[in-house]
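Observations on chain architecture
Read off the chains here:
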Amino acid sequence: MEDRRRSSCPCQVLPRDAFEVLAEFYEFNEVEGPCLAFRRAASVLKSLAWSVRRLGATEGLPCLGERSKSVMEEILQSGRSFEVEKILSDERYQTLKLFTSVFGVGPKTAEKWYRRGLRSFSDILAEPSIHLNRMQQSGFRHYGDISRAVSRAEARALGNIIDEAVRAITADGAAALTGGFRRGKEFGHDVDFIVTTPEVGREDRLLTDIIESLKQQGILLYCDYQASTFDQSKLPSHKFEAMDHFAKCFLILRLDCSRVDGGLNSVEGDSRGWRAVRVDLVSPPVDRYAFTLLGWTGSRQFERDLRRFARSERRMLLDNHALYDKTKKEFLAATTEEDIFAHLGLEYIEPWQRNA
Ligand code: 8DG
Ligand code: MN
Ligand code: MN
């Protein structure tokens, strides 16, 4: 055993990747505690400027519990983790991972299909009793394109398309890039924008008008529009929930090669002349713009940590809609992200520093 370990390539798996696998395993099994713990551990390692070579070096780092440490120790010693390898070779894990990689397929649907004995995409597509909803149909149709990363040049081209659409509708409207690209990432799984108009109450219409314009241009491949359910009298949510209540839409757009400097980030796409890309748009009332910008810039882990800090250190509730001071029993207004950090008694944190 020892010999085999020593002769194998060291560090086959990075502790961070191992934690991601473990987190996902628990997510598939709907066990939230360890799932979040491993996510947090992965995120702490990601934030380090150095790679861990000795367990001792991790002393003083937050969020590394006993289990994370023992997995890390095994990996540092042998280059692998028995538990992670077991998960990776597990048929159920592999199948759920494959199924949830389709747009519109969450862990519950994936589990249902797995239980029915389905193991591959062709199994699903050949099964007559399976009804795919519209989102899943698009997910399969554009699977190759939307599983491929979106480049910064493609995000910029989409920014121009959304910007043009907004300006054609209202001269004082604006579109702002958010999500991973605002944090400086070079690649993303989608492109996220906030669209606004200075006129409070006009934002719902703005979004439906943009969708109409994209349809007219013949580039709307899929659209899931959700009208606003925002209620300004409600306190910010205690729980971290990724979903917010503003008008928003989850789209698949057709991006033509000719619009992208340097071409598309796809091999077939270039010969076809276009590729499909996932785009998210959210349209808050302008007085909530700063909260939405902060919320949609992410990362999800950063948002979770910031909300936890607000609650436990400041007795304040923060979400994508508002900031509420429980001591003063009042909402704190903000027109910029700087205002929100100031209310929280924090120095401004640049988007590129929010990649937790
Ligand atoms: P990526 O696309 O490059 O993979 O990374 P990302 O840009 O950080 O992730 P994302 O999944 O696009 O989410 C961006 C932010 O948007 C993230 O912090 C969570 C946030 N978000 C909300 N509300 C909602 C919502 O209702 N749906 C989705 N999909 N994301 C939301 O705040
Ligand atoms: Mn994104
Ligand atoms: Mn998104």
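Residues numbered from 1 in each chain as written. Chains lettered and ligands numbered in written order. Predicted model: local features only at pLDDT ≥ 70, side-chain atom pairs only at ≥ 80, totals over all residues.

As recorded in an unreviewed UniProt entry, the protein goes by DNA nucleotidylexotransferase-like isoform X2 and comes from Parambassis ranga.

Things to note about the UniProt feature "binding site: Mg(2+)" (unreviewed entry) in the protein
Mapped onto the present numbering, the UniProt feature "binding site: Mg(2+)" (unreviewed entry) falls on D190, D192 and D280. Judged by maximum C-alpha separation, these annotated positions cover 91 residues in sequence but sit close together in space, the widest gap being only 7.3 Å. Within the secondary structure, D192 is located in strand β4 (residues 191-196). With 22 C-beta atoms counted inside 10 Å, the residue D192 sits in the buried group. Ignoring any residue separated from it by four or fewer positions in sequence, one finds D192 in contact with T178, G179, D280 and W296. (UniProt positions renumbered as here; feature names shortened; annotations may be inferred. Helix = DSSP H or I, 4+ residues; strand = E, 2+ residues; numbered from the N terminus. Buried ≥ 20, exposed ≤ 12 C-beta atoms within 10 Å, placed from the backbone. Contact = placed C-beta atoms within 7 Å.)

Brief notes about the domain arrangement of the protein
As assigned here, the protein comprises domain 1 (2-88), domain 2 (91-141), domain 3 (150-288) and domain 4 (293-353). Spacing between the C-alpha centres of domain 3 and domain 4 amounts to 23 Å. Across the contact, 20 residues belong to domain 3 and 20 residues belong to domain 4. Among the elements of the structure, β2 (174-178), α12 (179-182) and β4 are those that each provide at least two residues to the side of domain 3 that touches domain 4. Top contributing element to the side of domain 3 that touches domain 4 by residue count: α12, with 3 residues. Among the residues forming the side of domain 3 that touches domain 4, the class breakdown is 8 nonpolar, 7 polar and 5 charged. (Domains from an automatic or database assignment. Nonpolar A, V, L, I, M, F, W, Y, C, P; charged D, E, K, R; others polar.)

Description of the packing of helix α6 (residues 91-100) against helix α7 (residues 107-115)
Two packed helices can be described by the angle between their axes and the distance between those axes. At a minimum axis separation of 9 Å, α6 and α7 run at an interaxial angle of 125°. Classed by the angle they form, the pair α6 and α7 counts as oblique. Two packed elements cross with a definite hand, and for α6 against α7 that hand is right-handed. Contact with α6, carried on its side by R92, T95, L96, F99 and T100, involves P107, A110, E111, W113 and Y114 of α7 and no other residues of that element. Considering only residue class, the contact of α6 with α7 consists of 6 nonpolar, 2 polar and 2 charged. (Axes fitted to C-alpha atoms, helices over the stretch in contact; angles between N-to-C directions. Parallel < 35°, antiparallel > 145°, perpendicular 65-115°, else oblique. Left-handed = near helix turned anticlockwise from the far one by under 90°.)

Points about the sheet that holds strand β10 (residues 330-331)
Reading across from one edge, β8-β9-β10 is the order of the 3 strands in this open sheet, with antiparallel pairing throughout. Each edge of the sheet is formed by a strand with only one pairing partner; in this case those strands are β8 (316-318) and β10. In this sheet, strand β9 (residues 323-325) lies alongside β8 in antiparallel orientation, the contact comprising 3 bridges. Bridge assignment links M316 to a residue of β9, and that residue is D325. (Pairing = 2+ DSSP bridges.)

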